[in-house]
Amino acid sequence: MKLIGSYTSPFVRKISVLLLEKGIPFDFINEMPYNAENGVAQYNPLGKVPALLTDDGECWYDSPIIAQYIELLNVAPAMVPVEPKAALKMRQLESLADGIMDAGLVAVRELARPVAQQSQDEQLRQREKISRSLDMLEHYIADGTLKADEVNLATIAVACAIGYLNFRRIAPGWCATRPHLVKLVETLFQRESFARTEPPKA
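If you're wondering where the values come from, they're calculated on a predicted model, not measured in any experiment.

Peer 1: Would you mind going over the sheet that holds strand E3 (residues 51–53) with me for this structure?
Peer 2: The strands making up a sheet associate through backbone hydrogen bonding, with each pair oriented either parallel or antiparallel. Spatially, 4 strands are ordered E2-E1-E3-E4 in an open sheet, and the strand pairing comes out mixed. Of all the strands in the sheet, the pair left with one neighbour each is strand E2 (27–30) and strand E4 (59–61). When strand polarity is set aside, the average angle formed by the axes of neighbouring strands in this sheet is 20°. By the bridge criterion, 3 bridges tie E3 to E4 in an arrangement that is antiparallel. Counterpart to Leu-52 in the pairing with E4 is Trp-60. Along the sheet face, helix H1 (residues 10–22) touches strand E1 (2–5), E2 and E3 and points at about 160° away from the line of E1. Together, E3 and E4 form the strand contacts of helix H2 (residues 63–72), whose direction differs from that of E4 by roughly 130°.

Here is the structure:
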């Protein structure tokens, strides 16, 4: 099995962590999706990471789809509940975390543009998305919808999203008023799967 992605992508990190937590062996192929010669396109026509190439030649792309494929392998531990509505709720939490990652990526790309071409409105829009989503996740932990001390698809996705915010220095001070999220990331960041997938220092 081969995972195609970049070391800095939070979506790729999510899949790497899932594979590591389940003990599924894989080879990592480092491909930068924004390079002029995009090697990712041979696996995913959209040219986006991650992509997963299975041993029998199937190729899966888009991280929620890959995560679902990994669960279909029935390798313990299970990362999604069996009960359909509980599974759907967990997928919604994953989607919320993925949305934070998307907003963070847009913010990073906007800041990479020449200063004269940067949009303050766009940056504000992405910061507001991130802030609202973090507040919602904090609420979900407080009411027990999301368990800060459990390892599952939702908590992994949330930790990867916040890890990306920290890595790119987006939303500084996010932790000041969100103690439940702080506990979640502190718990998961201590795991070997997260230590092994920490993005390289710039």
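Peer 1: Even after reading the chapter, I still don't get the side chain of Asn-152, so can you show me in this structure?
Peer 2: By secondary structure assignment, the location of Asn-152 is in the loop between helix H4 (120–142) and helix H5 (153–167). One polar contact links Asn-152 to Glu-150, side chain to side chain, over a distance of 3.5 Å. Discounting chain neighbours no more than four positions away, the residues touching Asn-152 are Met-79 and Met-90.

Peer 1: Whenever I open this one, the packing of aromatic side chains confuses me. Can you help?
Peer 2: Geometrically, a pair of aromatic rings is defined through the distance of the ring centres and the angle of the planes. Enumeration according to the criterion identifies 3 aromatic pairs in this entry. Centroid distance Tyr-7 to Phe-28: 4.6 Å. Interplanar angle 20°. Geometry classified as stacked. With Tyr-7 in the loop between E1 and H1 and Phe-28 in strand E2, this residue pair connects regions lying 21 residues apart in the sequence.

Peer 1: What is the right way to read the pattern of salt bridges from this model?
Peer 2: Two side chains with opposite charge may pair up if their charged atoms get near one another. This structure, assessed with the given rule, holds 9 salt bridges. Close ionic contact of Glu-122 with Arg-125 constitutes a salt bridge, the shortest N to O distance being 2.6 Å. Of this pair, Glu-122 and Arg-125 both sit in helix H4, 3 residues apart, roughly one helical turn. Take Glu-122: its relative accessible area is 19%, and that puts it in the buried class. Each member of the salt-bridge network shares a partner with another, and the members are Lys-14, Arg-91, Glu-94 and Asp-98.

What counts, and where the lines are drawn
- Residues numbered from 1 in each chain as written.
- Predicted model: local features only at pLDDT ≥ 70, side-chain atom pairs only at ≥ 80, totals over all residues.
- Heavy atoms only, no water.
- Pairing = 2+ DSSP bridges.
- Helix = DSSP H or I, 4+ residues; strand = E, 2+ residues; numbered from the N terminus.
- Axes fitted to C-alpha atoms, helices over the stretch in contact; angles between N-to-C directions.
- Contact = heavy atoms within 4.5 Å.
- Polar contact = N/O pair within 3.5 Å; in protein donor to acceptor, adjacent residues only side chain to side chain.
- Phe/Tyr/Trp six-rings, centres within 6.5 Å; stacked < 30°, edge-to-face > 60°.
- Salt bridge = Lys/Arg side-chain N within 4 Å of Asp/Glu carboxyl O.
- Buried < 20%, exposed > 50% of the residue type's maximum accessible area, 1.4 Å probe, protein only.

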